[in-house]
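# What the coordinates show
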Amino acid sequence: MESHEKLKQWQEEEASIRPVLAAPGVATREQLRERSGMEFLNDIFQGKLPVAPIGALMDFIPVHADKGVMIFQGSPGPQHYNPIGMVHGGYAATLLDSCVGCAIHTMLPAGKGYSTLELKVNYIRALTDKTGPIRAEGRVINVGSQVAVAEGRITDASGKLYAHATTTCLVFSI
Ligand SMILES: CC(C)(COP(=O)(O)OP(=O)(O)OC[C@H]1O[C@@H](n2cnc3c(N)ncnc32)[C@H](O)[C@@H]1OP(=O)(O)O)[C@@H](O)C(=O)NCCC(=O)NCCSC(=O)Cc1ccccc1
């Protein structure tokens, strides 16, 4: 697909998903415990559970979840800058932490939770307010009974890579 077609597709997908999402908030422990990771994320997509407040703060949304895969989309703007002229590294780190963690969550059964133990980010090229929509795509590498690992990549609609990450998460009963 040509990059301008992909850009249009990304913009249309974001426009169709945003109105369905519920207000930002935090699920109760019971809502978390009784759903598998896929059920939990599907309920967020259907507006039955709140979206993450960090997404509202930093202006990114979930756009896709499947077994082992999670994608967020955002458009970096002036509010995300550091004082030296490009998007703060925390923006990419936040999207990458989100997509790799949720990718792991898609593999967990009901009654299991997770938390990031470690995140390693490589910044390949600077994000700016001209970059346009970007996607952070997380993919599971392995999910064990106690430890899960995943990787994530931030790209624009032309496929240009901006940052990538690996994570180690703890898996535990909730
Ligand atoms: C530049 C480099 C570090 C090294 O790249 P190289 O190994 O030499 O690789 P390569 O030559 O392949 O170039 C790759 C791309 O880089 C571009 N480019 C190259 N040289 C320059 C240059 N001199 N100036 C500008 N751009 C340059 C080049 O055109 C190409 O892009 P293109 O293919 O044309 O689209 C690159 O990895 C990078 O920008 N990473 C992102 C770092 C980042 O955003 N960190 C997070 C923010 S920091 C933060 O927030 C901390 C903080 C907090 C609070 C307060 C203050 C600070």
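Okay, so let's go over this structure. Computed from a prediction, not measured in an experiment: that's the story for all the values here. (Residues numbered from 1 in each chain as written. Predicted model: local features only at pLDDT ≥ 70, side-chain atom pairs only at ≥ 80, totals over all residues. Heavy atoms only, no water.)

### Examining the overall build of the protein
Scanning the protein from terminus to terminus reveals five helices and six strands. The N-to-C order of helical and strand elements in the protein reads α-α-α-α-β-β-α-β-β-β-β. The globule rule puts the C-alpha radius of gyration for 174 residues at 16 Å, and the 16 Å found for the protein is close to it. When the backbone C-alpha atoms are referred to their principal axes, the protein occupies close to 40 × 35 × 35 Å. When the 174 residues of the protein are sorted by exposure, 43% land in the buried category. Taking as baseline every contact in the protein between residues at least 6 positions apart, the subset at least 24 positions apart corresponds to 69%. Of the accessible surface of the protein, which amounts to about 8,800 Å², a share of 54% is contributed by carbon and sulfur atoms. Here the protein contributes 16 positive and 17 negative side-chain charges, whose respective centroids are spaced 3 Å apart. (Helix = DSSP H or I, 4+ residues; strand = E, 2+ residues; numbered from the N terminus. Rg over C-alpha atoms; globule rule 2.2 N^0.38 Å. Buried < 20%, exposed > 50% of the residue type's maximum accessible area, 1.4 Å probe, protein only. Contact = heavy atoms within 4.5 Å. Areas by Shrake-Rupley, 256 points an atom, 1.4 Å probe, with all protein chains shown as cover. Lys, Arg positive; Asp, Glu negative; His and termini not counted. Charge placed at Lys NZ, Arg CZ, Asp CG, Glu CD.)

### Description of the site of the ligand
Neighbouring the ligand are Asn82, Pro83, Ile84, Met86, Val87, His88, Gly89, Tyr123, Ile124, Arg125, Ala126 and Lys160. Interatomic distance of 3.1 Å between a backbone N/O atom of tyrosine 123 and a nitrogen atom of the ligand. Measuring from an oxygen atom of the ligand, one finds a backbone N or O atom of isoleucine 124 at 2.7 Å. Burial of the ligand by the protein chains amounts to 38% of its free accessible area of 1,100 Å². (Near = heavy atom within 4 Å. Polar contact = N/O pair within 3.5 Å; in protein donor to acceptor, adjacent residues only side chain to side chain.)

### Comments concerning the pattern of salt bridges
Summed over all chains, the structure comprises nine salt bridges. Here lysine 8 makes a salt bridge to glutamate 12, at a shortest N to O gap of 3.1 Å. Here glutamate 12 and lysine 8 lie together in helix H1 (residues 3–17), a separation of four residues that amounts to about one turn. For arginine 18, the salt bridge goes to glutamate 14, with nearest N and O atoms at 2.9 Å. Residue class for arginine 18 comes out partly exposed when judged on its relative accessible area of 36%. (Salt bridge = Lys/Arg side-chain N within 4 Å of Asp/Glu carboxyl O.)

### Concerning the side chain of threonine 155
Positionally, threonine 155 belongs in strand S5 (residues 147–156). You can call threonine 155 buried: its relative accessible area is 17%.

### As for unusual backbone geometry
Even without being a glycine, aspartate 59 presents a positive backbone phi close to 65 degrees. Tracing the chain through its elements places aspartate 59 in the loop between helix H4 (53–58) and strand S1 (60–66). What makes aspartate 59 partly exposed here is its relative accessible area of 30%.

### Here we look at the nonpolar core
By size, the foremost hydrophobic cluster in this structure holds 42 residues, and its most contacted members are Met70, Tyr91, Leu95, Leu96, Leu127 and Ile154. At the level of elements, helix H3 (37–45), S1, strand S2 (69–74), helix H5 (89–105), strand S4 (134–143), S5 and strand S6 (161–173) are the ones that each hand at least two residues to this core. Sorting elements by how many residues they give to this core places H5 first, with 10 residues. Excluding residues within four positions of it along the chain, methionine 70 makes contact with Leu41, Phe45, Pro62, His64, Ala65, Cys99, Cys102, Ala103, Ala136, Glu137 and Gly138. (Core = buried A, V, L, I, M, F, W, Y, C linked by side-chain atoms within 4.5 Å.)

### A word on the environment of isoleucine 154
Within the element layout of this structure, isoleucine 154 appears in strand S5. Among the residues examined, isoleucine 154 registers a relative accessible area of 0% and is labelled buried. Each C-alpha atom of the pair isoleucine 154 and glycine 90 lies 13 Å from the other, and the pair is 64 residues apart in sequence. Excluding its chain neighbours within four sequence positions, the residues that come into contact with isoleucine 154 are Ala92, Leu95, Leu96, Ile134, Arg135, Ala136, Lys160, Leu161, Tyr162 and Ala163.

### So, the layout of surface pockets
The space that makes up the largest pocket amounts to roughly 850 Å³. As for the largest pocket, its lining consists of 35 residues, and the residues nearest its centre are Phe40, Ile44, Ala52, Cys102 and Tyr114. Listed by contribution, the elements that provide at least two residues to the lining of the largest pocket are H3, H4, S1, S2, H5 and strand S3 (112–123). The leading source of residues in the lining of the largest pocket is H5, at five residues. (1 Å grid on protein atoms, 1.4 Å probe; cavity = no way out; pocket = protein on both sides within 12 Å on 5 of 7 lines; lining within 4 Å. Points joined across faces, edges and corners; volume = space filled by probe spheres on them.)

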